[in-house]
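Okay, here's what each chain looks like letter by letter:
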Amino acid sequence: MAVGIPDNVFVTKLDAAANWARTNSLWPMPFATACCGIELMATASSRHDLARFGAEVMRFTPRQCDLLIVAGRVVMKMLPVLQRIWMQMPEPKWCISMGACACTGGVFDTYAVVQGVDRFIPVDMYVPGCPPRPEQLIAAIMEMQTKIKETGTFNGREFAHRTTPTGPLPFEVDELRRRREMTPVPGLEIYGQHPLTPR
């Protein structure tokens, strides 16, 4: 009598089982600040139906989410809020940068608008466009699910290196301008204090 595995027993690796569960149950945290937010909302409508991919459960509390979708421009005043939301999300977590403004600042090349959120939080997927269509966001979520299924681990070992943002390097001229603006002007420092600061 041969002893085999019964038909109702499923054998797999623990990492593969965890990846399968995470892939089909993404809970997005929408961070919509501009017109990309309208396209993000359209993905959950009946026309596009994000529920087909198991990612329609949008929660507006970061402690219940594992996928941050930054849709729209982020200004410097809003950046600490975005970083706080990212820090409050439990591991494992992922991020999609949706639209030209979130990816590179878009047409807003000013001091007040963040020139790419990947300078401050790690981004896993970029969705180009101004604004991108809902189909593009759905395609990005499908690519994200493939990435999670292929590279994820049960205890999140793949996130050990995510201590600093790893965005693309800025253009040389842009970086030179920023460094020049960060250089203190001689004469404005009086005994280590700015002259306009009240004593």
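Scroll up to find the structure.
Rules of the game
Residues numbered from 1 in each chain as written. Predicted model: local features only at pLDDT ≥ 70, side-chain atom pairs only at ≥ 80, totals over all residues. Heavy atoms only, no water. Salt bridge = Lys/Arg side-chain N within 4 Å of Asp/Glu carboxyl O. Helix = DSSP H or I, 4+ residues; strand = E, 2+ residues; numbered from the N terminus. Buried < 20%, exposed > 50% of the residue type's maximum accessible area, 1.4 Å probe, protein only. Core = buried A, V, L, I, M, F, W, Y, C linked by side-chain atoms within 4.5 Å. Contact = heavy atoms within 4.5 Å.

**Student:** Outline the pattern of salt bridges, supporting the account with residue identities and numerical values.
**Tutor:** Tallied over the entire structure, the rule returns two salt bridges. Of the charged contacts, one joins Lys147 and Asp124 as a salt bridge, the two residues approaching to 3.5 Å between their closest N and O atoms. Linking Lys147 in helix H5 (residues 134-151) with Asp124 in the loop between helix H4 (100-104) and strand S4 (125-127), this pair joins segments that are 23 residues apart in sequence. According to the relative accessible area criterion, Lys147 is partly exposed, its value standing at 33%. Judged by relative accessible area, which is 17%, Asp124 ranks as buried. Residue Glu135 pairs with Arg133 through a salt bridge whose shortest N-O separation is 3.3 Å.

**Student:** Break down the nonpolar core for me, with residues and values.
**Tutor:** Within the largest apolar cluster, 22 residues are counted, with the highest numbers of intra-cluster contacts made by Ile96 and Leu137. Where this core is concerned, the elements lending two or more residues are helix H2 (36-43), strand S2 (67-71), strand S3 (94-98), S4 and H5. With six residues, H5 is the largest single contributor of residues to this core. Those residues in contact with Ile96, other than ones at most four positions away along the chain, are Leu67, Leu68, Ile69, Val70, Met125, Val127, Leu137, Ala140, Ile141 and Met144. By size, the runner-up hydrophobic cluster in this structure holds 17 residues, among which are Leu68, Ala102, Ile121 and Val123.

Taken by themselves, the reported measurements are silent on function.
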